[in-house]
Amino acid sequence: MTSQPQPSPLVRAAGGADAAAIAAMLGRAFDDDPVWRWILPDDASRVRRLAGVFGILLRRVHLRHEGTEAAGRGADVEAAALWDPPGLWRVPLTAQAAQAVPLLRALGRRVPAALRALGEIEKHHPREPHWYLAVLGTDPPAQGHGLGGALLRSRLDRCDAEGVPAYLESSKDRNVPYYERFGFRVTRELAMPGKGCPPVWLMWRDPEGG
């Protein structure tokens, strides 16, 4: 018996109507993320709290930049990439202030730990113009079907056509070789503040071709 061929992943621009589905999916996708597990050590509430965090970031930051894309083999959102255009990766002070209370609700007493970790990452963010992949996640049941790769290629093809670099931070060491296959290279293994917090790998990609 031969297996049925998988349909090509559908990549599309995401909008406000997708925010809740993307946030819920990313909560599940990042449940095993080492840094987020350190920030939110309670297994019982992590997925819910992560969904809350991603919902805030989507609505107040990433969706406004019109760089977020979703993918799935059907109608459901099974993967998403949150990209920020050149010059727009830094969260404005007004947006930070607006996020304060919702983040406190989502993160509770772990707000200081999260802010220290995110602040350390931001301190090492490159200043050269680039597309910033803030988040890439695939729902665990949908992993292994090429959705993440389709999302990466969708934006990276445009980066190559426009001659613009790309940048990301990987909080999983096993994902580093995956991103390297798309042309990213590690520029630094960043030690994080806070006892026991896992490291993060900073990765840069020069445009290819041309």
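Above this text you will find the structure in question.
Before going into details, it helps to say that this report is about the structure given with it. Predicted, not measured: the structure shown is a model, and the values here were computed from it.

**With respect to the overall build of the chain**
In terms of helices and strands, the chain carries seven helices and seven strands. Relative to the globule expectation of 17 Å for 210 residues, the C-alpha radius of gyration of the chain, 17 Å, shows essentially globular dimensions. Along the first, second and third principal axes, the C-alpha set of the chain runs to 50 × 40 × 30 Å. Taking all 210 residues of the chain together, 49% fall into the buried category. Nonlocal contacts in the chain, meaning residues at least 24 apart in sequence, comprise 74% of its contacts between residues at least 6 apart. If the 27 positive side-chain charges of the chain are averaged to one point and the 24 negative ones to another, these points end up 7 Å apart.

**Re helix α3 (residues 46-60)**
In a regular helix each residue adds 1.5 Å, so 15 residues correspond to 21 Å; α3 covers 21 Å between its end C-alpha atoms and thus fits that length. Here α3 has its buried residues at R46, L50, V53, F54, G55, I56 and L58.

**Details of the environment of Q143**
Structurally, Q143 is set in the loop between β4 (131-138) and α6 (147-162). Between the alpha carbons of Q143 and G209 there is a distance of 29 Å; along the sequence they are 66 residues apart.

**Remarks on the nonpolar core**
Of all hydrophobic cores here, the largest spans 41 residues; its most connected members are I22, L26, F30, W36, I39, F54 and L107. Where this core is concerned, the elements lending two or more residues are α1 (19-29), α2 (34-39), α3, β3 (79-84), α4 (93-107), α5 (111-123), β4 and β7 (200-205). With six residues, the single largest contributor to this core is α1. When near neighbours in sequence (up to four residues on either side) are disregarded, L107 contacts W36, L40, R49, V53 and A114. Grouped together as the second largest cluster of nonpolar side chains are 22 residues, A71, A81, L147 and F182 included.

**So, α1**
Looking only at α1, the buried set comprises A19, I22, A23, M25, L26, G27 and A29. Tucked into the core, α1 has its buried residues touching α3, β2 (68-72), β3 and β4.

**Section: unusual backbone geometry**
Phi is positive for E66, close to 55 degrees, though the residue is something other than glycine. Within the secondary structure, E66 is located in the loop between α3 and β2. Look at E66 and you get exposed, because its relative accessible area is 69%.

**Remarks on the packing of α1 against α3**
As a packed pair, α1 and α3 sit with axes 7 Å apart at the nearest point and diverge in direction by 135 degrees. Considering the angle they form, α1 stands oblique to α3. Considering the relative orientation of α1 and α3, their crossing is right-handed. Where α1 abuts α3, its residues A19, A20, I22, A23, A24, L26, G27 and R28 lie against V47, L50, A51, F54, G55, L58 and R59. Taken together, the residues that form the contact of α1 with α3 break down as 11 nonpolar, two polar and two charged.

The rules behind the values
Residues numbered from 1 in each chain as written. Predicted model: local features only at pLDDT ≥ 70, side-chain atom pairs only at ≥ 80, totals over all residues. Heavy atoms only, no water. Helix = DSSP H or I, 4+ residues; strand = E, 2+ residues; numbered from the N terminus. Rg over C-alpha atoms; globule rule 2.2 N^0.38 Å. Buried < 20%, exposed > 50% of the residue type's maximum accessible area, 1.4 Å probe, protein only. Contact = heavy atoms within 4.5 Å. Lys, Arg positive; Asp, Glu negative; His and termini not counted. Charge placed at Lys NZ, Arg CZ, Asp CG, Glu CD. Expected span 1.5 Å × (residues − 1). Core = buried A, V, L, I, M, F, W, Y, C linked by side-chain atoms within 4.5 Å. Axes fitted to C-alpha atoms, helices over the stretch in contact; angles between N-to-C directions. Parallel < 35°, antiparallel > 145°, perpendicular 65-115°, else oblique. Left-handed = near helix turned anticlockwise from the far one by under 90°. Nonpolar A, V, L, I, M, F, W, Y, C, P; charged D, E, K, R; others polar.

Any link to function would need more than the numbers given here.
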